[in-house]
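Residue strings, one per chain:
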Amino acid sequence: MKILVDTNVVLDLLLDRTPHATAAAQVFSLIERNALSGYLCATTLTTVHYLATKVVGRKKSLEETSKLLR
C-alpha cells in the first residue's frame, strides 16, 4: 500500500510530540519493514528541516532529514 505521510506526522516522530509520537513511530516502522510505501511532498522536507532546526539544531535536523530521504 502506498501512503502520503503528512508533515505533522513526520514532526510528531522527530520532535517526539505526545500523544501522536507513538502512532507516527508505528507508521514509519511499517515503512522501514516495507509493509507500506511511504511518500513525502517536497515541501514536507523543507518544512521539517526548517522547524526541526529551530528545536534540535542544524546538525541533528540535517541528520534526520537525510534519514527521511532514505
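Notes on the structure in this doc start here. (Residues numbered from 1 in each chain as written. Predicted model: local features only at pLDDT ≥ 70, side-chain atom pairs only at ≥ 80, totals over all residues. Heavy atoms only, no water.)

In this section: the pattern of salt bridges. The tally for this structure, following the rule as stated, stands at three salt bridges. Glu-64 serves as the salt-bridge partner of Lys-67, at 3.3 Å between the closest nitrogen and oxygen. One end of the pair is Lys-67 and the other is Glu-64, both in helix 4 (residues 58–69) and three residues apart, which spans about a single turn. Its relative accessible area of 47% is what places Lys-67 among the partly exposed residues. Connected through salt bridges with shared partners, the residues Lys-60, Glu-64 and Lys-67 form a single ionic network. (Salt bridge = Lys/Arg side-chain N within 4 Å of Asp/Glu carboxyl O. Helix = DSSP H or I, 4+ residues; strand = E, 2+ residues; numbered from the N terminus. Buried < 20%, exposed > 50% of the residue type's maximum accessible area, 1.4 Å probe, protein only.)

Attention shifts here to the packing of helix 3 (residues 42–56) against helix 4. Two quantities define a packed helix pair, namely the angle between the axes and the distance from one axis to the other. At a minimum axis separation of 8 Å, helix 3 and helix 4 run at an interaxial angle of 150°. Here helix 3 is positioned roughly antiparallel relative to helix 4, judged by the angle of their axes. Helix 3 and helix 4 meet at a crossing whose hand is right-handed. Residues Leu-45, Val-48, His-49, Ala-52, Thr-53 and Val-56 of helix 3 touch helix 4, and the partners they reach there are Arg-58, Lys-60, Ser-61, Leu-62, Thr-65, Leu-68 and Leu-69. Of the residues contributing to the contact of helix 3 with helix 4, the split by class is seven nonpolar, four polar and two charged. (Axes fitted to C-alpha atoms, helices over the stretch in contact; angles between N-to-C directions. Parallel < 35°, antiparallel > 145°, perpendicular 65-115°, else oblique. Left-handed = near helix turned anticlockwise from the far one by under 90°. Contact = heavy atoms within 4.5 Å. Nonpolar A, V, L, I, M, F, W, Y, C, P; charged D, E, K, R; others polar.)

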